[in-house]
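These are the residues of each chain, in order.
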Amino acid sequence: MPTKRRSQRIQQPAWLTGSRPNGSGETVILFWSGGKDSFLAYRALMEKQRFAPVLLTTFDVRTRIIAHQELLIDDVINQAEALGVPLIGVPLHSGRDYVEQLVPALDLMPGCKYLAFGDLHLEHIRNWREEAFKANERTVAMSLEFPLWRADYAMLLEDLAASGAQCKISAIVADLPGVAVGDDYDANLIAKLPAGVDAFGENGEFHTKIVISEAG
């Protein structure tokens, strides 16, 4: 079944791209939102050359939309295909335990020992992840990686610009005068942000979408 059709039908975790891990290096499952943080985490992992990433994206089983980013799962399939990286999709069902819903996805990669996240500096989010994965017998022994943790924002913005990918505003939650969905996320946009708004939107003020050309 073509990947776009499969993404609209699956009720349980499944591969959403034709590519699979190639067996070179340690495999890490990178939690992928389609936005700048997960993209920069991917670049950090690739730069260290320690891991071969496999992307994992969760989305609402009814709407096929990725929470917060407000992207369709097919948008993320396009990103993974442009990168040439395997992607696992996990449809989330309301009322069910989050980590338990991830277990069948992890079982698609039985030898994988590492999970990676694009968290930057929010301690409560990192603590929640560590506690949630330690509480599950399937994930308790897995190592959690945070390649961007406490990274300097200026360096991250430089890397984003150097990547050649476009970064667009995909959703706005806070009152951000002069900023609209579809705007380029760059230094000019950051300069428009009101005082107290995190430059990376880490408090949920806004979210982003990465547009990757297959040549880049």
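Residues numbered from 1 in each chain as written. Predicted model: local features only at pLDDT ≥ 70, side-chain atom pairs only at ≥ 80, totals over all residues. Heavy atoms only, no water.

Draft legend 1. Just the overall build of the protein chain, in detail. When helices and strands are counted, the protein chain shows seven helices and 10 strands. Taken over C-alpha atoms, the radius of gyration comes to 17 Å for the protein chain, in line with the 17 Å a tight globule of 216 residues would show. Each of the three principal axes of the protein chain carries a C-alpha extent, and together these read 45 × 40 × 35 Å. Looking at the protein chain residue by residue over its 216 residues, the buried ones come to 50%. If you take every contact in the protein chain between residues at least 6 apart in sequence, the share linking residues at least 24 apart comes to 72%. As presented, the protein chain carries roughly 10,400 Å² of accessible surface, and 50% of it is formed by carbon and sulfur atoms. Between the mean site of the 21 positive side-chain charges and the mean site of the 28 negative ones, the protein chain shows a separation of 7 Å. (Helix = DSSP H or I, 4+ residues; strand = E, 2+ residues; numbered from the N terminus. Rg over C-alpha atoms; globule rule 2.2 N^0.38 Å. Buried < 20%, exposed > 50% of the residue type's maximum accessible area, 1.4 Å probe, protein only. Contact = heavy atoms within 4.5 Å. Areas by Shrake-Rupley, 256 points an atom, 1.4 Å probe, with all protein chains shown as cover. Lys, Arg positive; Asp, Glu negative; His and termini not counted. Charge placed at Lys NZ, Arg CZ, Asp CG, Glu CD.)

Draft legend 2. The pattern of salt bridges, seen in detail. Taken as a whole and assessed by the stated rule, the structure comprises 10 salt bridges. With its nearest N and O atoms 2.7 Å apart, the salt bridge here joins Asp119 to Arg129. Placement of Asp119 in the loop between strand S7 (114-116) and helix H5 (123-134) and of Arg129 in helix H5 is noted, with a sequence separation of 10 residues between them. Asp119 sits in the buried class, given a relative accessible area of 10%. (Salt bridge = Lys/Arg side-chain N within 4 Å of Asp/Glu carboxyl O.)

Draft legend 3. Looking closely at the packing of aromatic side chains. In this structure the tally under the stated criterion is 11 aromatic pairs. Centre to centre, the rings of Tyr185 and Phe200 are 6.0 Å apart; their planes meet at 80 degrees, and the pair counts as edge-to-face. With a gap of 15 residues between them, Tyr185 in the loop between strand S9 (166-172) and helix H7 (187-192) and Phe200 in the loop between H7 and strand S10 (206-211) connect regions that are remote in the sequence. By way of ring pairs, the aromatic residues Phe31, Phe117, Phe133, Phe146 and Trp149 are connected into one cluster. The positively charged end of Lys36 is found above the aromatic ring belonging to Tyr185, 5.5 Å away from the centroid. Between Arg126 and the ring centre of Trp149, over which it is positioned, the NZ or CZ distance is 4.9 Å. (Phe/Tyr/Trp six-rings, centres within 6.5 Å; stacked < 30°, edge-to-face > 60°. Lys NZ or Arg CZ within 6 Å of the ring centre and 35° of its normal.)

Draft legend 4. Spatial organisation of the sheet that holds strand S1 (residues 14-15). Taking strand neighbours across the sheet as the criterion, the six strands line up as S1-S6-S3-S2-S7-S8 in an open arrangement whose pairing is mixed. Each of the sheet's edge strands pairs with one partner strand only, and the pair in question is S1 and strand S8 (143-145). Sheet topology places strand S2 (residues 26-31) next to S7; three bridges connect them, and they run parallel. Note on S7: the bridge partner recorded for Val28 is Tyr114. Strands S2, strand S3 (51-60), strand S6 (87-92) and S7 of the sheet are contacted by helix H4 (residues 98-106), whose axis makes an angle of about 150 degrees with S6. (Pairing = 2+ DSSP bridges. Axes fitted to C-alpha atoms, helices over the stretch in contact; angles between N-to-C directions.)

Draft legend 5. Up close: H5. The terminal C-alpha atoms of H5 lie 16 Å apart, and with 12 residues this matches the ideal 16 Å at 1.5 Å per residue to within 8%. Looking only at H5, the buried set comprises Arg129, Ala132 and Phe133. Down the axis of H5, the buried set is contained in an arc of 90 degrees. They therefore lie on one face. Opposite the packed face of H5, turned more than 90 degrees from it, sit the exposed residues His124, Glu131 and Lys134. (Expected span 1.5 Å × (residues − 1). Arc of directions from axis to C-beta.)

Draft legend 6. Quick look at the nonpolar core. The biggest cluster of nonpolar side chains holds 46 residues, and the ones touching the most others in it are Leu30, Trp32, Phe39, Tyr185 and Phe200. Judged by nonpolar contacts, the second largest core, of 21 residues, contains Phe31, Val54, Val90 and Phe133. (Core = buried A, V, L, I, M, F, W, Y, C linked by side-chain atoms within 4.5 Å.)

Draft legend 7. Expanded view of the side chain of Thr17. When you line up the elements, Thr17 lands in the loop between S1 and S2. Engagement of the side chain of Thr17 in a polar contact is seen with the backbone nitrogen of Leu87, the distance being 3.0 Å. (Polar contact = N/O pair within 3.5 Å; in protein donor to acceptor, adjacent residues only side chain to side chain.)

Draft legend 8. Quick look at the packing of helix H2 (residues 36-48) against helix H6 (residues 153-163). At a closest axis distance of 11 Å, the pairing of H2 and H6 adopts a crossing angle of 85 degrees. It follows that H2 is roughly perpendicular to H6 by the angle criterion. Packed against H2, whose contacting residues are Phe39, Leu40 and Arg43, the element H6 presents Leu156, Asp159, Leu160, Ala162 and Ser163 at the interface. Considered class by class, the residues forming the contact of H2 with H6 number five nonpolar, one polar and two charged. (Parallel < 35°, antiparallel > 145°, perpendicular 65-115°, else oblique. Nonpolar A, V, L, I, M, F, W, Y, C, P; charged D, E, K, R; others polar.)

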